[in-house]
Number of protein chains: 2
Amino acid sequence: MINVAILGFGTVGSGVAEVLTGHERSIAQKTDDLVKLKYILDVRDFPDSPFAGCFVKDFARIESDPEVDIVVETIGGATVALDFTRRALEAGKSVVSSNKELVATHGYELTQLAREKGVCYLFEASVGGGIPILRPLSQCLAANEILEICGILNGTTNYILTRMIKAGLSFEQALKEAQDKGYAERDPSADVEGHDACRKICILSAIAFGRHIYPDQVPTEGIAKVTLADVDYADGAGKKIKLLGRAIREGDGRVCAYVAPHLVDSAHPLAGVEGVFNAISVRGDAIGEVMFYGQGAGKLPTASAVVADVMDIARNLGHRKALCWAPGGADAACGTRALKSRWYVRANAGAEQLRDALGEVKLLARSGAPGGEAACLSEAQLTQEELSGKLAGLDVCAAIRVLN
Amino acid sequence: MINVAILGFGTVGSGVAEVLTGHERSIAQKTDDLVKLKYILDVRDFPDSPFAGCFVKDFARIESDPEVDIVVETIGGATVALDFTRRALEAGKSVVSSNKELVATHGYELTQLAREKGVCYLFEASVGGGIPILRPLSQCLAANEILEICGILNGTTNYILTRMIKAGLSFEQALKEAQDKGYAERDPSADVEGHDACRKICILSAIAFGRHIYPDQVPTEGIAKVTLADVDYADGAGKKIKLLGRAIREGDGRVCAYVAPHLVDSAHPLAGVEGVFNAISVRGDAIGEVMFYGQGAGKLPTASAVVADVMDIARNLGHRKALCWAPGGADAACGTRALKSRWYVRANAGAEQLRDALGEVKLLARSGAPGGEAACLSEAQLTQEELSGKLAGLDVCAAIRVLN
């Protein structure tokens, strides 16, 4: 019998309890062992929960119980969760996590600790919710040199952009709607400003490219500045605006990772990913391009990914090879300084001024554009600095990269 | 050191040799062991091949060499390949295969044999070429009851249909073009008549639902009867015609698996899958819907999936849990007899006759339709038998299921 303790009884934690107990028989069949929920750690009381008998308030109970094989951490954040994860690993217990912040900031240390202790630290649910991505990336695509990862990694911002594109809502209206539907938090900054996507591209980069990339090495821009005018101009160019997390392996081995809105051609598979769905495209030297698509969040999808990690550990107790990577460092990432793109530019200027500044451009139109506004796509591939240089002196309202 | 023998030096076999040797260093890093190509079995001579020193003509050399740990079978078919696979497993060697015909017809027996011998029989490349699907399905989605699998499983037919839809080519023209480009075989029947997709849905069903489903239990219809008229009517209804392999778990545990063309709504993620690409959508009770997308065939994509299986075995030599399922039988599958769908119908008849026959319908139009032709979508969900009953006496040209 394999005993599990869940830390945190929020959305994901309660989902894990539900899936673990609701599927107990089929999980036992598939793992050749009984996987039992023994403890749930939460500061709150849940006297009416069907799991009422499992609740404890003191982590030491779990830490010191030799019967606990696997600890599921769904607390979030990188303070208490870090302390408990370290202590669980030190105590020789495997840990499964859905906590992207913790993995993005302390993943190297924690995977190393797990390796030393001969246990596992797995976190499939930390990226893409229920979408299988980390295991396919580390196992199924293992024979590839990964060249690039590019994905819609945050469902909240994709919902907002979709509603702007499809229903003509402003950013503020769409955000309000997402909050009313429970897709966005009351304080939406982690999603809207791109930090959530940033953490996920850090984790994907570590697994794909083999070194830790820290969030502060990843230039991150959110969607708060995207306007309906931009959405309309993009539509006129046959493109959609999507918030993308990208990580590109450069020739020198460094990783160019960043998060920013992009204009994506409508024919590109990522353009069709709507609402709260996520999709992650991976390009490898042998495989070409593959894409993984599904619900990037939500109680049961995320819980099912956590439980799959638990089952993997249960099935291979003592044998499973650790998931780990090399330490990070200033030379691991190179920022976006050298990254050239075509650009979408909207300015309070005349079309001729844009053409004079950027050379060959594709001018864009939208209905209802005020006089004195112009927008275009540059034909030339430019770095951000080159673009800024060329646009110096112009009253630029928006500059967004175009995904090649 | 882990020694590999490749059986068959065709497209996939030579790709495997290329990836194994070209990525030798990174493979060694990831598996903590050196993975060496020791033999290639082929009846032909390749004196100028960079692998010339590896070639043997007698399988017994490989079978009796205790240094060979893993045999890669890329021969195809279910005769010689079956014999060699059995003998390799009997000799205590793990086997990796890209051979969908063999897995679909003898997968149960071979996975059992592997289990008895304590070795592995893996075949990620047999479905979806390089797309990670079998491992995510068996591992990442393990905490789910799988409810349905639905996919574009054959790139050749998807290429043909895409060219009919996008370029207005007839089926015959598009097939000819696919042959000229090397996407279709000279004898295209295995692809065009749906047999290739049928084998793949059998393998997916076994892994998702836990019992072997044999190809002769899967009603299979190809695309040879799809005409440009149907493509045009579908377009008018905002739909695209796609050849789908589907497997649905019924309430009684039986599996309704079949292959047939379908009208797919343009907003559905499968509708946007074009050309030789494949995509497989999986619905689970916890995860909701996830989709896997990529190149379903081709030398290097397929080879990269084979090599990933080799690496998985190498990394976990002696420990990896077997992939296996329960035996098949007449009660495992239930055919499509009870499967209700909306239908697209085209007939040499008047619109009123279609309405009289089918009740509420959505009439469709296409430019250039000859007088006396009508087409519609039924509003009612009908079994194939119910549909035939209602259409009795009409001169029906086409009847295609609509994907809900």
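All figures in this text were calculated on a predicted structure; none of them were measured in a lab. (Residues numbered from 1 in each chain as written. Chains lettered and ligands numbered in written order. Predicted model: local features only at pLDDT ≥ 70, side-chain atom pairs only at ≥ 80, totals over all residues. Heavy atoms only, no water.)

**Here we look at the overall build of chain A**
Helix and strand content of chain A: 14 helices and 15 strands. Each of the three principal axes of chain A carries a C-alpha extent, and together these read 75 × 45 × 35 Å. The burial tally for chain A puts 59% of its 404 residues in the buried class. Nonlocal contacts in chain A, meaning residues at least 24 apart in sequence, comprise 72% of its contacts between residues at least 6 apart. Of the roughly 15,100 Å² of accessible surface on chain A, a fraction of 48% belongs to carbon and sulfur atoms. Counting 43 positive and 51 negative side-chain charges, chain A places the centres of these two groups 2 Å from one another. (Helix = DSSP H or I, 4+ residues; strand = E, 2+ residues; numbered from the N terminus. Buried < 20%, exposed > 50% of the residue type's maximum accessible area, 1.4 Å probe, protein only. Contact = heavy atoms within 4.5 Å. Areas by Shrake-Rupley, 256 points an atom, 1.4 Å probe, with all protein chains shown as cover. Lys, Arg positive; Asp, Glu negative; His and termini not counted. Charge placed at Lys NZ, Arg CZ, Asp CG, Glu CD.)

**Side note on the sheet that holds strand β2 (residues 35–41) of chain B**
Residue and element names in this part refer to chain B. The 6 strands lie next to each other as β3-β2-β1-β4-β5-β6, forming an open sheet whose pairing is parallel. Strands at the two margins of the open sheet, each flanked by one partner only, are β3 (55–56) and β6 (121–122). With 4 bridges joining them, strand β4 (residues 68–73) and strand β5 (residues 94–97) adopt parallel strand pairing. Each bridged residue has a counterpart across the sheet, and for Val71 the counterpart in β5 is Val95. (Pairing = 2+ DSSP bridges.)

**Focus: the pairing of strand β15 (residues 395–402) of chain B**
All names here are of chain B. Taken together, the 2 bridges between strand β9 (residues 255–265) and β15 define a ladder with parallel strand orientation. Along β15, the bridge assignment pairs Leu263 with Val402. Looking at chain direction, strand β12 (residues 342–348) and β15 are connected through 7 bridges and run antiparallel. When the bridges of β15 are listed, Arg346 appears paired with Ala398.

**A few points about the interface of chain B and chain A**
One widely used convention gives an interface's size as the accessible area the parts lose upon coming together. Listed as interface residues are 43 residues of chain B and, on the opposing side, 43 residues of chain A. Buried area between chain B and chain A, both sides added, is near 3,600 Å², and the carbon and sulfur share of it is 57%. Among the residues chain B hides against chain A, the three largest losses belong to Cys140, Ala143 and Tyr293 of chain B. Together they make up 16% of the total. At the boundary of chain B with chain A, the tally comes to 0 salt bridges. (Buried area = accessible area lost by both parts, 1.4 Å probe. Salt bridge = Lys/Arg side-chain N within 4 Å of Asp/Glu carboxyl O.)

**Describing the packing of aromatic side chains**
Within the structure shown, the criterion is met by 21 aromatic pairs over all chains. Seen in terms of ring centroids, Tyr233 of chain A and Tyr344 of chain A are 6.4 Å apart; in terms of plane orientation they differ by 45°. Their pairing is tilted. Placement of the pair is Tyr233 of chain A in helix α11 (residues 228–236) and Tyr344 of chain A in strand β12 (residues 342–348), with a sequence separation of 111 residues. Classification of Tyr233 of chain A as buried rests on a relative accessible area of 2%. Taken together, a centroid distance of 5.1 Å and an interplanar angle of 15° make the contact between Phe277 of chain B and Tyr293 of chain B stacked. Of this pair, Phe277 of chain B sits in strand β10 (residues 277–284) while Tyr293 of chain B sits in strand β11 (residues 288–295), and the two are 16 residues apart along the sequence. Using a relative accessible area of 10% as the deciding quantity, one classes Tyr293 of chain B as buried. In this structure an aromatic cluster arises from ring pairing among Phe9, Phe46, Phe51 and Phe55 of chain A. We note Arg401 of chain A situated over the ring of Tyr258 of chain A; from NZ or CZ to the ring centre the distance is 5.5 Å. (Phe/Tyr/Trp six-rings, centres within 6.5 Å; stacked < 30°, edge-to-face > 60°. Lys NZ or Arg CZ within 6 Å of the ring centre and 35° of its normal.)

**Focus: the relation of the copies chain B and chain A**
Mapping chain B onto chain A is achieved by rotating through 180° and translating by 0.0 Å along the same axis, at an RMSD of 0.0 Å. One copy is carried onto the other by what is essentially a two-fold rotation axis. Of every C-alpha in chain B, the one belonging to Phe292 of chain B sits nearest the axis of rotation, 2.5 Å from it. (Least-squares fit on C-alpha atoms with pLDDT ≥ 70 in both.)

**Quick word on the pattern of salt bridges**
Pairing is possible between side chains that carry opposite charge, provided their charged atoms lie close to one another. All names here are of chain A. Overall, the coordinates contain 64 salt bridges over all chains when judged by the stated rule. With a closest N to O distance of 3.5 Å, Glu90 and Lys117 form a salt bridge. Of this pair, Glu90 sits in helix α4 (residues 80–90) while Lys117 sits in helix α5 (residues 100–117), placing them 27 residues apart in sequence. Residue Glu90 is classed as partly exposed on the basis of its relative accessible area, which comes to 46%. Look at Lys117 and you get partly exposed, because its relative accessible area is 37%. Residue Glu148 is joined to Arg246 by a salt bridge in which the shortest nitrogen-to-oxygen separation is 2.9 Å. In this pair, Glu148 sits in strand β7 (residues 146–152) while Arg246 sits in strand β8 (residues 239–249), placing the two residues 98 residues apart along the sequence.

**Notes on helix α13 (residues 351–358) of chain B**
All names here are of chain B. For α13, the complete set of buried residues consists of Leu354, Ala357 and Leu358. Looking straight down α13, one finds its buried side chains confined to an arc of 80°; they lie on one side. Close packing links the buried residues of α13 with β12, β13 (361–364), β14 (374–378) and α14 (384–391). Two residues or fewer past α13, Gly359 is found with a positive phi of approximately 75°. (Arc of directions from axis to C-beta.)

**Focus: the sheet that holds strand β1 (residues 2–7) of chain A**
Across the sheet, which stays open at both edges, the 6 strands sit in the order β3-β2-β1-β4-β5-β6 (chain A) with parallel pairing between neighbours. Strands at the two margins of the open sheet, each flanked by one partner only, are β3 (55–56) and β6 (121–122) of chain A.

**Observations regarding the packing of helix α7 (residues 155–167) of chain B against helix α8 (residues 171–180) of chain B**
Residue and element names in this part refer to chain B. Two elements in contact, α7 and α8, have axes separated by 9 Å at closest approach and are oriented at 125°. Comparing the axis directions of α7 and α8 gives the class oblique. In this structure, α7 crosses over α8, and the sense of that crossing is right-handed. Residues Tyr159, Ile160, Arg163 and Met164 of α7 form the contact with α8, whose participating residues are Phe171, Ala174, Leu175, Glu177 and Ala178. Of the residues in the contact of α7 with α8, the class split is 7 nonpolar, no polar and 2 charged. (Axes fitted to C-alpha atoms, helices over the stretch in contact; angles between N-to-C directions. Parallel < 35°, antiparallel > 145°, perpendicular 65-115°, else oblique. Left-handed = near helix turned anticlockwise from the far one by under 90°. Nonpolar A, V, L, I, M, F, W, Y, C, P; charged D, E, K, R; others polar.)

**Some details on the pairing of strand β8 (residues 239–249) of chain B**
All names here are of chain B. With respect to burial, β8 is a largely interior element, 9 of its 11 residues being buried. Judged from the 4 bridges that link them, strand β7 (residues 146–152) and β8 form a sheet pairing that is antiparallel. Looking at β8, one finds that Glu148 is bridged to Ile248. Bridge count between β8 and β9: 11 bridges; the pairing is antiparallel. The residue bridging Lys239 from the neighbouring strand is Asp265, located in β9.

**What about unusual backbone geometry?**
Within the chain, Asp32 of chain A stands out as a residue other than glycine whose phi angle is a positive 60°. Its location among the elements puts Asp32 of chain A in the loop between α2 (24–31) and β2 (35–41).

**Details of the environment of Ala398 of chain A**
All names here are of chain A. Secondary-structure assignment places Ala398 in strand β15 (residues 395–402). In this structure, the C-alpha to C-alpha distance between Ala398 and Ala229, residues 169 residues apart in sequence, is 9.8 Å. If near-sequence neighbours (up to four positions away) are discounted, Ala398 is found in contact with Asp230, Tyr344, Val345 and Arg346.

**A short note on the packing of helix α1 (residues 11–22) of chain B against helix α12 (residues 299–315) of chain B**
The relative placement of two packed helices comes down to the angle between their axes together with the axis-to-axis distance. Residues and elements named next belong to chain B. The geometry of α1 relative to α12 is characterised by a closest axis approach of 8 Å and an angle of 65° between their N-to-C directions. Here α1 runs over α12; the crossing is right-handed. For the pair formed by α1 and α12, the contact residues are Thr11, Val12, Ser14, Gly15, Val16, Glu18, Val19 and Leu20 on the first element and Lys299, Leu300, Thr302, Ala303, Val306 and Val307 on the second.

**Description of the confidence of the model for chain A**
Taken as a whole, chain A shows an average pLDDT of 96; of its residues, 100% reach a score of 70 or greater. Scored as a complex, the prediction yields pTM 0.95 and ipTM 0.92. (pLDDT = per-residue confidence, 0-100.)

**Remarks on the side chain of Glu148 of chain B**
Residue and element names in this part refer to chain B. In this structure Glu148 comes out as buried when scored by relative accessible area, which is 11%. Among the polar contacts listed, one links the side chain of Glu148 to the side chain of Arg246, at a separation of 2.9 Å. Setting aside anything within four residues of it in sequence, one finds Glu148 in contact with Phe209, Arg246, Ala247, Ile248, Ser281, Val282 and Arg283. (Polar contact = N/O pair within 3.5 Å; in protein donor to acceptor, adjacent residues only side chain to side chain.)

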